Amino acid sequence: MKQKSKFSFFKAFFICCIFLFSHYTFAQGKVVAIISVDWEGYFLKDNDLQKMKKFREDFPEIGLLHFLNAAYYTKADANSVDITQKIQSVLLPIDEHGLHIHGWRSLADISGVTFRTSPRAHTETPIDLTKCETPKDCGHEIDISAYNKNELKKLIRNSKRILMDEGFNQPVSFRAGGWMAKSHTMQALAEEGIQYDSSAVPPELLEGSPWEKLPLYRWLDSLWTETNTDSQPYVIRISEQKKIMEIPDNGILADYITAEGMLEVLKKNIEKWQQNPEQNVYVSIGFHQESADRYLDRVREAIGLFENYTEQHNIPFEWANLPLSNYFPAN
């Protein structure tokens, strides 16, 4: 009887060891794809929103990381009820509400910040303020890093307040207009409660395009010199108490890349995952709300390409289970 009891103990111990060994030996990471939406603050047209609604109906299981822009509400002729209704019409409960800021004059004015007329992403010529009068807004193309840290904090704080007053979730993620987030921008973000940034972008994806001839490309090429299409999330330490998790927009947005180009970015990141299969690898793709009617089909096509490729090659893959804190818990 004693011998049988001893045998049962060793048998249970052996099975337990096998379970633990297999659990740790075969622990596996995934390739995780994030789809983001940049809301530019320009306009909310029915054709773009209808294209987004159909997309959400066809892919209700895919959450979107929305970088929302408060400038829709700051324009002189803004109807806040109508604006909120239109934005909410394409959101799902599985989405994350982030923040997107461009250098709009109306946002600067309402935030108590002196509007900058330069530098501009598309030209060396400053904005002519005589052509930027009420109710017309301007400043979308201004590099927001032209504002100092305290001015940026006002823009961030007021943008968050406006969006939250309209019922959107408190944003803890951010993308800078034109991806232009310099070091003092990061400091302002961290001090205003932003935990995740997705402004780092690979300049190589704009090479050979008309964008390469514009000031924006030179800015990005100087700012994100070490960002590539397989760059992975990393911590930017702001102070002993504050940090930002940078999640590179390594697959850029659909205006600048085809579905096949997005697939090539995915393949490059799969190669990185294969070097260390125990870790997650992240791919970021997306689109603009203002050009959804024209470019969202590229993301739709990329979804099929991503899922087919990863299934055929037995790659553990998932669309991001938002919010970002599910992958990068805030300390």
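Residues numbered from 1 in each chain as written. Predicted model: local features only at pLDDT ≥ 70, side-chain atom pairs only at ≥ 80, totals over all residues. Heavy atoms only, no water.

Remarks on the layout of surface pockets
Its boundaries defined by the atoms lining it, the largest pocket holds a volume of some 430 Å³. If you trace the largest pocket, you find 26 residues lining it, with E40, H140, W211, Y256 and H288 closest to the centre. Of the residues contributing to the lining of the largest pocket, the split by class is 12 nonpolar, eight polar and six charged. (1 Å grid on protein atoms, 1.4 Å probe; cavity = no way out; pocket = protein on both sides within 12 Å on 5 of 7 lines; lining within 4 Å. Points joined across faces, edges and corners; volume = space filled by probe spheres on them. Nonpolar A, V, L, I, M, F, W, Y, C, P; charged D, E, K, R; others polar.)

Brief notes about the confidence of the model for the chain
Per-residue confidence for the chain gives a mean pLDDT of 92, with 91% of residues at or over 70. Highest mean pLDDT in the chain belongs to strand β2 (residues 65-68) (99); lowest belongs to helix α1 (residues 2-25) (47). Every residue in residues 14-25 is under pLDDT 50, and counting partners more than four places away or in other chains gives one contact. (pLDDT = per-residue confidence, 0-100. Helix = DSSP H or I, 4+ residues; strand = E, 2+ residues; numbered from the N terminus. Contact = heavy atoms within 4.5 Å.)

So, the pairing of strand β3 (residues 96-101)
In terms of residue burial, β3 counts as a mostly covered element, since six of its six residues are buried. Taking every second residue as pointing to the same face, both faces of β3 are buried, with E96, G98 and H100 on one and H97, L99 and I101 on the other. Summarising the sheet, β2 and β3 pair through four bridges and their orientation is parallel. Residue pairing in the sheet places L68 in a bridge with L99 of β3. Of the strand pairs in this sheet, β3 and strand β4 (residues 173-176) are connected by three bridges, and their pairing is parallel. Across the sheet, residue I101 finds its bridge partner in β4, namely A176. (Buried < 20%, exposed > 50% of the residue type's maximum accessible area, 1.4 Å probe, protein only. Pairing = 2+ DSSP bridges.)

Re the nonpolar core
W39, I87, F287, V299 and F306 are the most contacted members of the largest nonpolar core, which has 88 residues in total. Judged by nonpolar contacts, the second largest core, of 13 residues, contains F67, I247, Y282 and Y327. (Core = buried A, V, L, I, M, F, W, Y, C linked by side-chain atoms within 4.5 Å.)

Comments concerning empty space enclosed by the protein
For the coordinates displayed, the defined rule picks out one cavity of 30 Å³ or more. For the largest cavity, the calculated volume is near 60 Å³. Lining the largest cavity are 13 residues, with L65, F67, S198, I247 and L324 positioned closest to its centre. With three residues, β4 is the single largest residue contributor to the lining of the largest cavity. Class assignment for the residues of the lining of the largest cavity results in seven nonpolar, four polar and two charged.

Concerning the pattern of salt bridges
Enumeration over the complete set of coordinates arrives at 21 salt bridges. Residues D58 and R300 are paired through a salt bridge, measuring 2.8 Å at the closest nitrogen-oxygen approach. Remark: R300 occurs in helix α10 (residues 292-312) and D58 occurs in helix α2 (residues 46-58); sequence separation between them is 242 residues. Of the residues examined, R300 reaches a relative accessible area of 25% and is grouped as partly exposed. A salt bridge links D165 to R161; the nearest nitrogen and oxygen atoms lie 3.6 Å apart. In this pair, D165 and R161 are both assigned in helix α6 (residues 149-165), four residues apart and thus about one turn of the helix distant. We classify D165 as exposed; its relative accessible area is 57%. (Salt bridge = Lys/Arg side-chain N within 4 Å of Asp/Glu carboxyl O.)

So, the state of the cysteines
Tallied over the entire structure, the rule returns one disulfide. Between the sulfur atoms of C132 and its disulfide mate C138 the distance is 1.7 Å. Taking the sign of the S-S torsion, about -85° here, the bridge from C132 to C138 comes out left-handed. (Disulfide = S-S within 2.5 Å.)

Let's talk about unusual backbone geometry
That bond from S118 to P119 is cis: its omega, 0°, falls within 30 degrees of zero. Put simply, L322 and P323 share a cis peptide bond, and its omega is 10°. Note on placement: P323 falls in the segment after β9 (317-319). Not every positive phi belongs to a glycine, and W179 is a case in point at roughly 65°.

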